[in-house]
2 protein chains.
Amino acid sequence: MRHVAALAGVGIKTVSRVINDEAGVSEATRQKVLDAIAQLNYQLDVTAGSLRRAGRRTLSVGLLLPSVSNPFSGEIHRAMEDALGARGIAVFAASLDDDPKREQAIIAAFLGRRVDGLVLTPIAKNQAYMIPEHSRNLPMVFIDREPVGVDADAVVTDNAVGAGKAAAHLLMHGHTKLAYLGDRTDIQTARERRRGFLEEVGGAGIPTSALPVIDDLHDEEAARRAALELLNSEDPPTAIFSSQNLVTFGTMRALKELGAHKRVALVGFDDFTLADMMDPGVTVIAQHPERIGVKSAERLLARIDGDDQPPRTYVVPSELIQRGSGEIRPPA
Amino acid sequence: MRHVAALAGVGIKTVSRVINDEAGVSEATRQKVLDAIAQLNYQLDVTAGSLRRAGRRTLSVGLLLPSVSNPFSGEIHRAMEDALGARGIAVFAASLDDDPKREQAIIAAFLGRRVDGLVLTPIAKNQAYMIPEHSRNLPMVFIDREPVGVDADAVVTDNAVGAGKAAAHLLMHGHTKLAYLGDRTDIQTARERRRGFLEEVGGAGIPTSALPVIDDLHDEEAARRAALELLNSEDPPTAIFSSQNLVTFGTMRALKELGAHKRVALVGFDDFTLADMMDPGVTVIAQHPERIGVKSAERLLARIDGDDQPPRTYVVPSELIQRGSGEIRPPA
DNA sequence: GTGAAAGCGCTAACAT
DNA sequence: ATGTTAGCGCTTTCAC
């Protein structure tokens, strides 16, 4: 910047004014500065500026996802990137891998880079370790799961309601012998989905005490084995609800292995690519990651811009998509 | 840091030494400093440090992908994150959307944040606009496509070889009436795949002049329509090669609509989730995005560490995965 | 409309 | 083993 100022024959502050589009520079001076910038191939150092900038803005935010390689996370990331990029804010992204240690390490790394805000899917049981940052008023938005131990904005899917819709759908198609295949119960969303499902079934007058509830299925293979066992049991269910993508995949495999895929109904939580191309098409409760991303970005920007309303949780509704597997009726 | 030094009753440089694990601090002093840090909840400002650090390292790099929401990109991103994170380097990620303007804007945004390196999937026909940075010796690695106009490391899939393997596989299964469905020809990888496919077919003595080659299929629906038209033509192919995921999906839809999915062979470039669950399973030429990510990170780190060997292109081999659709034989 | 000076938080170089 | 000083590139403040 010094060099630009020297070459243009002006003061350094004038160069700063031109670059940041501040008022109070004559058109002639502006041109001189612009020419010098072009000639030197100069580019503003955003990070150095942040040292002195009002509020120390770095124009960067941190995004913590389950994994950047997971399509659900990818959609959220994408929506966020677009909203923030329009404001000149760059996004640091990182994967948590369901590891609370990693969660803290990554947060520390991002805070060390003085991000203007944090958007995260919490893993740790408790986010109380973020209290110092929270009271420093660091903008933060929690995604998918509500924070524990700090009071902050959150954007979540209506997990219980969505799972309830799945139950209602299966009941409506005449099923009474249902089963629930779920993810690890230390994950809040998994618990919510189970609760919503069971409440809906119970509310319909069907006793849930005998209903098979299999938790802690965290990968495809575990889900497949659990589904096989279930389907080979003495009194197998006529309809299955799977609470998550990998569980759905495992269940699909089990159903196909047993040749039961056209006989046993299946509704999965979470949509996935090619669900409509399966045989039968897979009925799902679809989440809307792009809407979650958009909403989160909106809240984060509002907080960055000084919004100090009490924190709220925003709910993005899920949607039942019928594709065949959920409309199979029980045998007569 | 000043505050920490004051509280611990030491000089500011001593605090710096402790934090950066430099030698020359007595254990007693170290403890005093550590206590003060804990008490004040102090955290090092990495960006401020970069201003003075040798080589001005910011400990951040920029990653430019087709889209962070695309699973192939996600895998690359993930591998990169892990390799770089182990070195304390954070990753800015952004999506290019096949838009050369966006490519330049994002690069500018990242350079303005003084990233230590850049990993990118080039879109623009020419990366000559990066010459200033390149000659400034900014570490950069190109992914998936080789750069044009600057000489830099690249990590790519063996597109032509992989497509050739697909052709050979179909020929081996007795097909002589093949067809090629491809992506936009302004994309280097698409051209390579077409070339590899046609060369292999031609090399087997089958005239390629009559072989249907349909380019510029950039989405699923375009691919579906092209495949329908092809299959409804007077002399339809008995085997199809699709050069990319979305093209494969569109082709699968067309085959299914016509009830031809068990009769016409299909090999697609790029693996995808649930490919084995389709009916029949879809034979693919799989790329290895995680290996591409690992290699790119390795090269980037080497360049950051001062490696100044002449730039090279690293090839990550693709792999044929047989699942059924590619092993269908032509009608007798 | 323009510029000089101070200082953000840190690390390099050089004391002591 | 520890501290002091200068200065990275910028924006703020204030003076002209």
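Residues numbered from 1 in each chain as written. Chains lettered and ligands numbered in written order. Predicted model: local features only at pLDDT ≥ 70, side-chain atom pairs only at ≥ 80, totals over all residues. Heavy atoms only, no water.

As annotated in an unreviewed UniProt entry, chain A carries the name LacI family transcriptional regulator and is attributed to Pseudarthrobacter siccitolerans.

Draft legend 1. Expanded view of the UniProt feature "domain: HTH lacI-type" (unreviewed entry) in chain A. In the UniProt entry, the feature "domain: HTH lacI-type" (unreviewed entry) is given for residues 1-53 of chain A. Structurally, residues 1-53 of chain A is divided into 64% helix and 0% strand, and its ends, taken at the C-alpha atoms, are 16 Å apart. (UniProt positions renumbered as here; feature names shortened; annotations may be inferred. Helix = DSSP H or I, 4+ residues; strand = E, 2+ residues; numbered from the N terminus.)

Draft legend 2. Here's a closer look at the protein's contact with DNA strand C. The immediate surroundings of DNA strand C are formed by 26 residues, with Thr 14, Thr 29, Arg 52 and Arg 56 of chain A together with Tyr 42 of chain B found nearest. Side-chain polar atom of Thr 29 of chain A to a phosphate oxygen of DNA strand C: 2.5 Å apart, as the coordinates give it. Arg 52 of chain A places a side-chain nitrogen or oxygen 3.1 Å from a base nitrogen of DNA strand C. For the surface near DNA strand C, the secondary structure elements donating two or more residues are helix H2 (12-19) of chain A together with helix H2 (12-19) and helix H4 (46-50) of chain B. (Near = heavy atom within 4 Å. Polar contact = N/O pair within 3.5 Å; in protein donor to acceptor, adjacent residues only side chain to side chain.)

Draft legend 3. Local environment of the pairing of strand E6 (residues 178-181) of chain A. Residue and element names in this part refer to chain A. Side-chain alternation along E6 places Leu 178 and Tyr 180 on one buried face and Ala 179 and Leu 181 on a second face that is also buried. Pairing of E6 with strand E8 (residues 239-242), which is carried by four bridges, proceeds in the parallel orientation. Within E8, the residue paired with Ala 179 across the bridge is Ile 240. In this structure, E6 lies alongside strand E7 (residues 213-214), joined through two bridges in parallel fashion. Note that in E7 the partner of Tyr 180 across the bridge is Val 213. (Buried < 20%, exposed > 50% of the residue type's maximum accessible area, 1.4 Å probe, protein only. Pairing = 2+ DSSP bridges.)

Draft legend 4. Focus on the interface of chain B and chain A. Counting residues at the interface gives 49 residues for chain B and 49 residues for chain A. Roughly 4300 Å² of surface becomes buried between chain B and chain A when both sides are summed, with 52% attributable to carbon and sulfur atoms. The three residues of chain B that bury the most area against chain A are Gln 43, Arg 113 and Met 277 of chain B, which together make up 16% of that side's buried surface. At the junction of chain B and chain A, the tally comes to ten salt bridges. Glu 81 of chain B is the salt-bridge partner of Arg 102 of chain A, the closest N and O atoms lying 3.0 Å from each other. Our enumeration of links across chain B and chain A arrives at 27 residue pairs in polar contact (both at pLDDT 80 or more). (Contact = heavy atoms within 4.5 Å. Buried area = accessible area lost by both parts, 1.4 Å probe. Salt bridge = Lys/Arg side-chain N within 4 Å of Asp/Glu carboxyl O.)

Draft legend 5. How the structure looks around the nonpolar core. In this structure, Met 252 and Phe 272 of chain A together with Met 252 and Phe 272 of chain B are the most contacted members of the largest nonpolar core, which totals 52 residues. Within the second largest apolar cluster, 42 residues are counted, among which are Ala 94 of chain A together with Ala 90, Leu 120 and Val 150 of chain B. (Core = buried A, V, L, I, M, F, W, Y, C linked by side-chain atoms within 4.5 Å.)

Draft legend 6. Representation of the environment of Arg 291 of chain B within the structure. Residue and element names in this part refer to chain B. Along the chain, Arg 291 falls in helix H12 (residues 289-304). Put simply, Arg 291 and Gly 62 are 229 residues apart on the chain and 19 Å apart in space, counted from C-alpha to C-alpha. Every residue in contact with Arg 291, bar those within four places of it in the chain, is listed here: Val 316 and Pro 317.

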